[in-house]
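# Chains, contacts and geometry: an overview
Below, each chain spelled out in residue letters.
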Amino acid sequence: MSNRRKPLVAFAAALVAMASAPALAIKPFSADYAANYMGMEAKATMSLASKGNERWEYRLDLAGMGAELAQSTVFEVHDGQWRPISSTDSQRGTNGLAAMLVKRKAVTANYDWNQGVARWTGDVKPERAGPVALQAGDLDGMLMNLVLVRDVAAGKPLDYRLVEDGRARRQQFTVAGEETIAIAGKSHKATRVVRKDGKREIIAWVVDGLPVPARVLQRRDGKDDIDLRLTAVK
């Protein structure tokens, strides 16, 4: 597990064709996942909590086998759309093999919509610190996760502009059919969506009525890298 690997948010993350899509009702939740990185087992939680004044915090916390990773985004509802305000991304290895493989890192992003730019501080290279000009509909990696689930349910095009890591780039998912997926021993029909970017591939399974993906699989060079499987939603 290197400092380049992100739990998804990776996917995670990951979404502006959707700038005109109506926002759905946002409700707090907490979702538990069983995780696997390169054969190492871990547990993860995705949660959404109100910050007041139309602002929300969406976060992922993952720990296991001596590794700890945390990602979060604070976003607001503006003109019916969800847009990032700030985000954090940190990881570290605390003991065992993870202490050698996981490089300690902490990065904070600030999305200043008044100035129209995003900037990054912390463990970032100067060329990745920004500023990057913002456009309506821009998302960060964590918020893309929520928007993807929303748009699959609405049958919208899954084409986004991701502003993260000091750059802006298009992220397009394609629907790859429907499959049956098990959650806590019960079968559910899921829509499988896929994004390929060179040697990296992200596959997500979205179940109607669930606020988060039922499963997220990140692959590199044709091999499973990170696998998150939903076990419960509260």
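In this report, we go over the structure that sits alongside the text.

In the structure shown here, the tally under the stated rule is three aromatic pairs. Considering the side-chain rings of Tyr111 and Trp120, the 6.3 Å spacing of their centres and the 80 degrees angle between planes classify their relative orientation as edge-to-face. As far as burial versus exposure is concerned, Tyr111 and Trp120 are alike and both buried. Across from the ring centre of Phe173, 6.0 Å away, lies the NZ or CZ of Arg195, which sits over that ring.

Further remarks concern the pairing of strand β12 (residues 186-197). As paired strands, strand β11 (residues 174-183) and β12 are joined by eight bridges and run antiparallel to one another. Across the sheet, residue Ala182 finds its bridge partner in β12, namely Ser187. Hairpin remark: β11 followed by β12, antiparallel, with two residues in the connecting loop; positive phi at Ala184, about 55 degrees. With antiparallel pairing between neighbouring strands as the criterion, β12 and strand β13 (residues 200-207) make up a hairpin whose turn holds two residues, including Gly198 at a positive phi of roughly 65 degrees.

For the rest of this paragraph, the subject is helix α2 (residues 141-154). With 14 residues, α2 should cover 20 Å at 1.5 Å per step; its first-to-last C-alpha distance of 20 Å lies within 8% of that length. Judged by how many residues are buried, α2 sits mostly within the fold: 12 of 14 residues are covered. Residues of α2 that are buried include every one of Gly141, Met142, Leu143, Met144, Asn145, Leu146, Val147, Leu148, Val149, Arg150, Asp151 and Val152, and no others. Structurally, the start of α2 carries an N-cap: the backbone nitrogen of Met142 is 3.4 Å from a side-chain oxygen of Asp140. The positive-phi residue at the C-terminal boundary of α2 is Gly155, with phi of around 70 degrees.

Cut-offs used in this document
- Residues numbered from 1 in each chain as written.
- Predicted model: local features only at pLDDT ≥ 70, side-chain atom pairs only at ≥ 80, totals over all residues.
- Heavy atoms only, no water.
- Phe/Tyr/Trp six-rings, centres within 6.5 Å; stacked < 30°, edge-to-face > 60°.
- Buried < 20%, exposed > 50% of the residue type's maximum accessible area, 1.4 Å probe, protein only.
- Lys NZ or Arg CZ within 6 Å of the ring centre and 35° of its normal.
- Pairing = 2+ DSSP bridges.
- Helix = DSSP H or I, 4+ residues; strand = E, 2+ residues; numbered from the N terminus.
- Expected span 1.5 Å × (residues − 1).
- Polar contact = N/O pair within 3.5 Å; in protein donor to acceptor, adjacent residues only side chain to side chain.

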